[in-house]
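# Summary of structural features
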Amino acid sequence: MTDDLPGPEELAAHEHHHADVSGGWLRAAVFGAMDGLVTNIALVAGVGGGGGDRHTLILTGMAGLVAGAFSMALGEFASVGTQNDAVAGEIAVEREEIRTHPRAEQAELALMYEQMGLTRPTAEAMAREVHADPELAVKVHVAQELGVDVDEQPSPWTAAISSFLCFAVGGLIPIITFLLGFSSLLLALGVGAVGLFAVGALTARFTTRSWLLSGLRQLGFGAIAAGATYLVGMLIGVGISG
């Protein structure tokens, strides 16, 4: 019996895959789709509750779609860019610390490894090998101290484009029946509800949560927003007509 680790052939047979959750696209896409659906369902419910006709509902929905998509995209671009700048600043600080105090930083890394459960000799050996390459040392320290992979920073452009497109698609669903010629507010809200449930259930693919619970949760959030804006629209509409 041997304690040798598996070779390349055995590893290839054991290979498994993870969902791609890096790059900044997943959060932006999910948030964009959800926000597009909830925003336009709420807008349609509010204006419809106030007595708006089909033309007014289409105008409201399209205005909300365009304004929201650009707002989401610009917000994602700015937030991800700012986050990356902040990380870059911390990387510069860590690089300077390793340059000016290499032994102290090596001892710090060894201590972190030891706190993870490694024996002291193994932790010191690992820290020593990591610090033999200053750039590797920077990457490892940043990963251990900040939980950030230097080579996997999210792209502001990816986040912005994902958010823009997904918000637009989500915002289109609640008004699609009006664009097809129907005038029923109930039908539009029903289609929007199906969209909310479907997007919520789809997100379960990237989590351990049940697709049914994810769908129902998002449907509940949308129902609260739609109910509140419908009530506001109905009260304001009645007030104006009176």
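For the structure, check the block above.
Here is a short report on the structure shown in this document. (Residues numbered from 1 in each chain as written. Predicted model: local features only at pLDDT ≥ 70, side-chain atom pairs only at ≥ 80, totals over all residues. Heavy atoms only, no water.)

## Here we look at the overall build of the chain
For the chain, the count of helices and strands is ten helices and zero strands. Along the chain direction, N to C, the helices and strands of the chain fall in the order α-α-α-α-α-α-α-α-α-α. Burial status across the chain gives 33% buried among its 242 residues. Partitioning the contacts of the chain with sequence separation of at least 6, the portion at a separation of at least 24 is 71%. Per element, the accessible surface of the chain, about 14,400 Å² overall, is 67% carbon and sulfur. (Helix = DSSP H or I, 4+ residues; strand = E, 2+ residues; numbered from the N terminus. Buried < 20%, exposed > 50% of the residue type's maximum accessible area, 1.4 Å probe, protein only. Contact = heavy atoms within 4.5 Å. Areas by Shrake-Rupley, 256 points an atom, 1.4 Å probe, with all protein chains shown as cover.)

## Points about a nonpolar patch on the surface
Nonpolar side chains collect at one region of the surface, where Phe77, Trp157, Ile161 and Leu165 lie side by side and expose about 440 Å² of accessible area between them. Per element, the largest residue contribution to the nonpolar patch is three residues, and it comes from helix 7 (residues 156–172). By the element assignment, isoleucine 161 lies in helix 7. Note on isoleucine 161: relative accessible area 48%, which makes it partly exposed. (Patch = residues over 30% accessible without salt bridge, like charges linked within 9 Å, V, L, I, M, F, W, Y side chains within 5 Å. Salt bridge = Lys/Arg side-chain N within 4 Å of Asp/Glu carboxyl O.)

## Some remarks on the packing of aromatic side chains
According to the stated counting rule, one finds three aromatic pairs in the structure shown. Taking the centre distance of 5.1 Å and the plane angle of 75 degrees together, the rings of phenylalanine 70 and phenylalanine 164 count as edge-to-face. Residue phenylalanine 70 is found in helix 3 (residues 54–100), and its partner phenylalanine 164 is found in helix 7; the two are separated by 94 residues along the sequence. Exposure remark for phenylalanine 164: the relative accessible area of 29% places this residue in the partly exposed category. (Phe/Tyr/Trp six-rings, centres within 6.5 Å; stacked < 30°, edge-to-face > 60°.)

## Observations regarding the pattern of salt bridges
Applying the stated rule across the entire model yields five salt bridges. Here arginine 95 ties to glutamate 135 by a salt bridge, and the two come within 3.0 Å at their closest N and O atoms. Taken together, the positions of arginine 95 in helix 3 and glutamate 135 in helix 6 (residues 134–146) put the pair 40 residues apart, joining distant regions of the chain. With its nearest N and O atoms 3.2 Å apart, the salt bridge here joins lysine 139 to aspartate 151. Of this pair, lysine 139 sits in helix 6 while aspartate 151 sits in the loop between helix 6 and helix 7, placing them twelve residues apart in sequence. Take lysine 139: its relative accessible area is 33%, and that puts it in the partly exposed class. Residue aspartate 151 is classed as exposed on the basis of its relative accessible area of 52%.

## Considering the side chain of glutamate 76
With respect to the secondary-structure elements, glutamate 76 resides in helix 3. Residue class for glutamate 76 comes out buried when judged on its relative accessible area of 5%. When sequence neighbours within four positions are dropped, the list of residues in contact with glutamate 76 reads Arg27, Ala28, Phe31, Ala159, Ala160 and Ser163.

## Quick look at the packing of helix 4 (residues 102–115) against helix 6
At a minimum axis separation of 11 Å, helix 4 and helix 6 run at an interaxial angle of 50 degrees. Viewed along their axes, helix 4 and helix 6 adopt a mutual orientation that is oblique. As helix 4 runs across helix 6, the sense of the crossing is left-handed. Judged by residue contacts, Glu105, Glu108, Leu109, Met112 and Tyr113 of helix 4 engage Val140, His141, Gln144 and Glu145 from helix 6. For the contact of helix 4 with helix 6, the class distribution of residues is four nonpolar, two polar and three charged. (Axes fitted to C-alpha atoms, helices over the stretch in contact; angles between N-to-C directions. Parallel < 35°, antiparallel > 145°, perpendicular 65-115°, else oblique. Left-handed = near helix turned anticlockwise from the far one by under 90°. Nonpolar A, V, L, I, M, F, W, Y, C, P; charged D, E, K, R; others polar.)

## Structural notes on the nonpolar core
Counting residues in hydrophobic clusters, the biggest one holds 15 residues, and the most contacted among them are Ile91, Leu109, Tyr113, Val130, Val138, Val140 and Val142. Of all the elements in the fold, those that place two or more residues in this core are helix 3, helix 4, helix 5 (120–130) and helix 6. With sequence-adjacent residues up to four places away left out, valine 130 is seen in contact with Leu109, Tyr113, Leu136, Ala137 and Val140. Residues Leu37, Ala45, Val199 and Ala226 belong to the second largest nonpolar core, which totals nine residues. (Core = buried A, V, L, I, M, F, W, Y, C linked by side-chain atoms within 4.5 Å.)

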